[in-house]
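Each chain, written out:
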Amino acid sequence: MTTMKKILLLAIVFLSMIFPSNGQLKIFVSVKGDDKSSGNLRHPFASIEQALIVARKSNSKEINIYFRKGTYYPANTIEINSDDFKGKELKIEGHQNEKVIFSGAEKFQVVWKKYNEHIYSASLSVPFETDAMLIDGKPAILARYPNYDSNARVFNGTAADAISEERVKKWADPTGGFFHALHSGEWGSFHYLITGKDSTGKLSMIGGWQNNRPSAPNKEFRFVENIFEELDAPGEWYYNKKKQTLFYYPRNNLELKSGVVELSRLRSILLLKGTETEPLKNVSISNINFTGTKRVLFEKYEPLLRSDWMIHREGAITMDGTKDCKITDCDFFQLGANAIMVTGYNKNVSISSNYIRQIGSSAICFVGDISAVRSPAFNYDQSLPYENIDKTSGPKNDLYPSDCLVYDNLIHDIGRMEKQATGVEISMSQSITVKNNTIYNTPRAGINIGDGCWGGHDIEYNEVFNTVQETGDHGSFNSWGRDRYWNPNRNYMVSMAALHPETILLDAVKTIQIHHNRFRCDHGWDIDLDDGSSNYHIYDNICLNGGLKLREGFYRVVENNIIINNSFHPHVWFKNSGDVFRKNIVTRNYYPIGIVQWGKEVDYNLFPDSLSLAKARQNHTDMHSLFGNPKFEDAAKGDYMVATTSPALKLGFKNFDEAHFGVVNPKLKAIAEKIPIPELVMPPTANNKNDALIEWLDATIRNVSGLGDRSAFGLDNEQGVIVVSVQNPSKINSGLQPKDVILEAEGKPVKNIFDLISEYQSVNWKGKMEVKVKRNQQVQSIILNLK
C-alpha cells in the first residue's frame, strides 16, 4: 500500500470516528488533552468548547461528550442551542464516575509578599468583577464587619453599627463595598453596593431591589464587606482593583505555599437554550460538579408577581426553552447565586439525584414568563378592579415550565447570602412534581410556591427541616396566592368573594397536592399557606413542630395529617371559603386568628384533651370530633402509626406510609442529616405526669414536682416549669437561666410543660414570648428570644 493510500485510509478512519453517518458519537475531553487532537479516549480534546464544535458538525443522532477527571474553567458561559442540535440527543457526563468540576472561576498563580504583620499582598490584574476567592482550594472570607462567626444566626454575624458614622470614618475609600441587611420584618434581605462617601462621611449606595416587599434595612441584622479597613481576621481577603493588588490574611502560612488562587468570574456556567417553537431537546447532564460562580445581587431583578420575591433569572445551569432535558447525579457547591434556573418555556425537565449545598441563593427554580399571566400585578399593594380583570382562566401562552420533575435531591445550607431563597421555588408554572427530596438548613422556606399560576403541582415524600433559620413569619413549606382576584383591602376581598367567586380559580386552575411529607420548622409553621393560597389538597403529612396554617384563601382540603406538639392555625378566613379540616390528629387546641366563619367543614379530628375539644366546639366546629391519646406506635422514634385501639381510627383517620420520606439514592441517603424527632408532650394524666426532662429552645426543662420543689424554689403551689440547665447560650440566648421557674406565658398560667409549649406554639412565628419566671425568689417578666 502506498504512503498516500495509507494517509487517505487513516483520514477516512479519523473522519468516521468524529463524524459517523449514524449511530453514536463519543467525544472525550481531558484537562491534559489538546484541542488539536482527535477527541477520542486516547487523544482527548482539552475544552468543552472544542467538543461542542465537533458535536455541532456531526451528523450523528446520539452524541456523548465524556470528561476525564479534573477542573475545567470555561472562559464564558457555555451555550448549547437548539439551532445546533436539532434532532440530536446530547449527553455530557463525567467519565466512569471520575470527579469532574466545571468552575465559574478563573485560576491565577500569584507571588505573595509580606504587607504587614498579618496580611500578605500580591500584584494581580483581574479584568472582571469578582466577589469570591478560593485559596489552595479552600474558600476565603471577603473582608467584613463584623467578622465571620459560624455560630451567629444571621449572615454569620451582624452588627447594628455596621454603617454607623463612627465606623465609616475609618474607611478611606469604601467604594465597591457591600452593605447587607435583613428586611425590617425579617422577610428576606436587601443588598447595596457602596458607590462612595461624601465629605461629611455619608455613604452613597445603590441596590435594595432584591425583595418585593419594600422596607428600610433592618436596624439590627446588618453587616458590610469588601472594605479594606475590615481586613482584620484570619481567612479574609480583599482585592483593590485600582492598585491591582490582592490582599489576604492567611489562616496559616501553608495556604500561601502554592500561590494558587481562584476568583469567581461567571454568573452562569451552562446555558441550555431553545424556544417554544424550536425547543432544545434531549440534552442530559450527569456526574458533573458545578462551582465558582459569582453573586448576581446587582444584576437585573424582576418581581415574581405579588409574592415577596424578586429574582434574577440565571443559575449555574440555566434552562430556557427546553424539552425532555435532564440534570442527574451532579454536585453544586460554593456557588454565588442559584444552582439551577428553569425559566420560561420548559417541558418535561427532570432534575434528579443531585447534591446542592453551600450556595448563595436558591437551589432549584421554576419561573414562567410574565407574558403568560393574565392581568398580572407586581407588588403587594398593586391590584386591578374587577372590571379590568381578564376573565379568561389559565395562562395566555405556553412560556412557562410544565410537567417537570424534581426528584431525589439533597439540598442544604443554601441562601448563604440572599435570604429570600429556598430549596425549590415554583412561580408561574404548572404541574411541577417535587418528590423524595431532603432539604434542610435554609434561611427561609424549604419549598416555596409563589402564586396560584397555574397549579397542578405535586409535593410528596419530601423531608424538610431546619428552615426559616435566619428570617421570620414563614414555614418549611410556604405559598402565596395573590392572584388576579386578590386584593390587600380586606373589605374589598369580602365583597369580591361574595359577588364574584368565579374569579378565585382563574389562575389556580389545577389543584396543588401536598402529601406524604415530613416537615419540621422550629421558627415558623411546618406548612404555611399565606395570603390567598387556594385550591390545595393537603393530606397524609407529618408536621413535627410548627403546625399547619391556612391564611385567607379558598378551597383547601386538609385531611388525615398528624400534627405533633402543635395544631391548626386558621387565619382571617373569608365567608364561604370552602375550606375543609377533617380527620386530622392535633396535639394542641386550635390557634384561630380573625375567624368569622369556619369554612365548609371542620370536624372528625382527634384532640389531646377535653379542654382543647371544648374550645373548638365553642366555635361550633368539631361536633363529631373526639379527644384522647392517639396511641402512636413509637413517637420517640418518629413512628406515628396509630394502634388499632386508637380513637383516631373511629373518626376515619387512616395510617399512611411513613417509611419513604426524603432522598432514596444510597449515596445521598448516607450523607443526609436526620430530621430531629421531638419529644411528644401530651397533657399529664393521673397515670402519666410527664416528669421527664424535655429539651426546649436552649434549655432542659421539667415540670415542678412535689413538695420538695415547692419548698426549694419558694413556690405558692406545685405548678410551673423548672429550667434545669441552659446549653450553648452564645447561639440561641433565649434569656432563660438555670433554676428559673416559669409561671406564666403570654399572660396565661403555666401549670406544666404542656401548657408552656401550647402558648409557645401560638407565638413561635413572632420570634418572641413574654414569660413570668421566679428567679432568685423574685417574680419577674422577661421576653424570650425564640430564634
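Quick caveat, the model's predicted, so the values are computed rather than measured.

A. Here's a closer look at the overall build of the protein. Assigned secondary structure in the protein consists of nine helices and 67 strands. Computed over the C-alpha atoms, the radius of gyration of the protein is 29 Å, within 12% of the 28 Å expected from 2.2 N^0.38 for a compact globule of 787 residues. With the C-alpha coordinates of the protein rotated into their principal frame, the extents come out at 105 × 65 × 55 Å. Looking at the protein as a whole, 59% of its 787 residues are labelled buried. Carbon and sulfur atoms provide 50% of the accessible area of the protein, an area that totals close to 31500 Å². One way to put it: in the protein the 90 positive side-chain charges average out to a point 3 Å from where the 91 negative ones average out.

B. Looking closely at the side chain of Glu 418. Along the polypeptide, Glu 418 turns up in the loop between β37 (410-412) and β38 (424-427). With residues up to four places along the chain from it excluded, the contact list for Glu 418 reads Ser 189, His 191, Gln 210, Leu 297, Tyr 301, Met 310, Gly 360, Ser 361 and Pro 443.

C. Structural detail: the sheet that holds strand β17 (residues 217-225). Pairing within the open sheet is antiparallel, and its five strands lie in the order β13-β17-β14-β15-β16. Each edge of the open sheet carries a strand with a single partner, namely β13 (144-145) and β16 (203-207). Inspection of the sheet shows strand β14 (residues 178-183) paired to β17 by five bridges, in the antiparallel sense. Following the sheet pairing, His 180 is matched in β17 by Phe 223.

D. Summary view of the sheet that holds strand β4 (residues 78-81). One open sheet accounts for 11 strands, arranged β4-β21-β27-β31-β35-β38-β41-β44-β47-β50-β53; its pairing is parallel. Two strands lie at the open edges of the sheet, namely β4 and β53 (568-570), each paired on one side alone. Going from strand to strand, the sheet's axes swing by 10° on average, the running direction of each strand aside. Note: strand β21 (residues 270-273) against strand β27 (residues 317-320), four bridges, orientation parallel. When the sheet's bridge partners are listed, Lys 273 is paired in β27 with Asp 320.

E. Summary view of the pattern of salt bridges. Under the defined criterion, the tally for this structure stands at 38 salt bridges. Residue Arg 267 pairs with Glu 314 through a salt bridge whose shortest N-O separation is 2.6 Å. Of this pair, Arg 267 sits in the loop between β20 (260-264) and β21 while Glu 314 is found in the loop between β26 (310-311) and β27, placing the two residues 47 residues apart along the sequence. Classification of Arg 267 as partly exposed rests on a relative accessible area of 31%. Glu 552 serves as the salt-bridge partner of Arg 490, at 3.5 Å between the closest nitrogen and oxygen. A residue pair is termed long-range when its members are at least 10 positions apart, and Arg 490 in helix α4 (residues 490-499) and Glu 552 in the loop between β50 (548-550) and β51 (556-559) qualify at 62 residues. Look at Glu 552 and you get buried, because its relative accessible area is 7%. Via salt bridges that share partners, Arg 213, Asp 308, Arg 482, Asp 528, Asp 530, Asp 531, Lys 549 and Arg 551 belong to a single interconnected network.

F. Expanded view of the side chain of Glu 463. Structurally, Glu 463 can be placed in strand β43 (residues 463-465). Side-chain polar atoms of Glu 463 contact the side chain of Arg 518, separated by 2.5 Å. With residues up to four places along the chain from it excluded, the contact list for Glu 463 reads Asn 437, Thr 438, Ile 439, Arg 518, Phe 661, Gly 662 and Ile 675.

G. Inspection of the pairing of β17 at higher detail. Pairing between β13 and β17: two bridges, direction antiparallel. Residue pairing for β17: Arg 144 is matched across the bridge by Glu 225.

H. Representation of the state of the cysteines within the structure. In total, this model carries zero disulfides according to the counting rule given. Cys 325 supplies the cysteine sulfur nearest to Cys 404, a cysteine that is in no disulfide, at a spacing of 10 Å. The class for Cys 404 is buried, based on a relative accessible area of 2%. Distance from the sulfur of Cys 521, which forms no disulfide, to the nearest cysteine sulfur (Cys 543) is 11 Å. Given the relative accessible area of 0%, Cys 521 is considered buried.

I. Structural detail: the packing of aromatic side chains. With the rule as written, the count across this model stands at 35 aromatic pairs. Summarising the aromatic geometry, the rings of Tyr 115 and Phe 247 are spaced 5.0 Å apart at their centres and angled 80° between planes, so their arrangement reads as edge-to-face. Remark: Phe 247 occurs in strand β19 (residues 245-248) and Tyr 115 occurs in the loop between β8 (113-114) and β9 (120-123); sequence separation between them is 132 residues. With a centroid separation of 5.3 Å and an interplanar angle of 65°, the aromatic rings of Tyr 380 and Trp 486 are classed as edge-to-face. With Tyr 380 in the loop between β35 (364-367) and β36 (401-407) and Trp 486 in the loop between β44 (475-479) and α4, this residue pair connects regions lying 106 residues apart in the sequence. The burial state of Tyr 380 is the same as that of Trp 486; both residues are buried. The side chain of Arg 482 reaches across the aromatic face of Trp 486, ending 5.9 Å from its centre.

J. Region of the structure containing the confidence of the model for the protein. For the protein, the mean per-residue pLDDT works out to 94, and 96% of the residues sit at or above 70. Note that residues 5-19 has pLDDT below 50 and, in this model, 13 contacts with residues that lie over four places away or in other chains.

K. Local environment of the nonpolar core. Judged by nonpolar contacts, the single largest core of 83 residues is most densely connected at Ile 65, Phe 290, Phe 332 and Phe 477. Per-element tally for this core: the top contributor is helix α2 (residues 48-57), with five residues. With near-sequence residues (within four places) excluded, Phe 477 lies in contact with Ile 447, Ile 449, Ile 459, Ile 514, Phe 519, Asp 526, Ile 527, Asp 528, Leu 529 and Tyr 536.

L. Looking closely at α2. Taken as a whole, α2 has its buried residues at Ile 48, Ala 51, Leu 52, Val 54 and Ala 55. Projected onto a plane normal to the axis of α2, the buried residues spread over an arc of 160° and lie on a single side.

M. Here's a closer look at the pairing of strand β5 (residues 89-94). Burial along β5 is one-sided: Leu 90, Ile 92 and Gly 94 are buried, while Glu 89, Lys 91 and Glu 93, pointing the other way, are not. The pairing of strand β2 (residues 62-67) with β5 spans six bridges and is parallel. Across the sheet, the residue bridging to Ile 65 is Ile 92, located in β5. Judged from the four bridges that link them, β5 and strand β23 (residues 283-286) form a sheet pairing that is parallel. Bridge assignment links Ile 92 to a residue of β23, and that residue is Ile 285.

Parameters and conventions
For every chain, the first residue of the written sequence is number 1, and numbering continues from 1 along that sequence. Only residues with pLDDT of at least 70 get local features here, since the model is predicted, and only at 80 or more are side-chain atom pairs given and counted; chain-wide, interface and lining totals rely on the full set of residues. Think of the side-chain values as coming from all heavy atoms in the structure, minus any hydrogens and water. Under the DSSP-based scheme used, a helix requires at least four consecutive residues in state H or I and a strand at least two consecutive residues in state E, with every element numbered from the N terminus. In this setup the radius of gyration rests on C-alpha atoms only. A globule is expected at 2.2 Å times the number of residues raised to 0.38. Here's how the labels work: a residue is buried when its accessible area is under 20% of the maximum for its type, exposed when over 50%, partly exposed in between, all with a 1.4 Å probe on protein chains only. The Shrake-Rupley method, run with a 1.4 Å probe, gives the accessible areas here. Residue values count only the displayed protein chains as cover. This count recognises Lys and Arg as positive and Asp and Glu as negative, with His and chain-terminal groups excluded. Where a charge lies is defined by one atom per residue type: Lys uses NZ, Arg uses CZ, Asp uses CG and Glu uses CD. Two residues form a contact once any of their heavy atoms are found within 4.5 Å. Strand pairing is assigned whenever DSSP identifies at least 2 bridges connecting the two strands. Helix axes are fitted only over the stretch in contact, all axes being lines through C-alpha atoms; the angle between N-to-C directions runs from 0 to 180 degrees. Salt-bridge detection follows one rule: a side-chain nitrogen of Lys or Arg within 4 Å of a carboxyl oxygen of Asp or Glu. We call two N or O atoms a polar contact when they sit within 3.5 Å, provided that within protein one can donate a hydrogen and the other can accept it, with sequence-adjacent residues counted only if both atoms are side-chain atoms. Defined by distance alone, a disulfide is two cysteine sulfur atoms within 2.5 Å. Note on aromatic contacts: the rings of Phe and Tyr and the six-membered ring of Trp form a pair at centre separations within 6.5 Å, being stacked when their planes are under 30 degrees apart, edge-to-face when over 60 apart, and tilted otherwise. Counted as over-ring charges are cases with an Arg CZ or a Lys NZ within 6 Å of the ring centre that also lie within 35 degrees of the ring normal. In predicted models, pLDDT denotes the confidence assigned by the predictor to each residue on a 0 to 100 scale. As used in this record, nonpolar core signifies buried Ala, Val, Leu, Ile, Met, Phe, Trp, Tyr and Cys residues forming a set joined through side-chain atoms within 4.5 Å. Directions from the helix axis toward the C-beta atoms define the arc.

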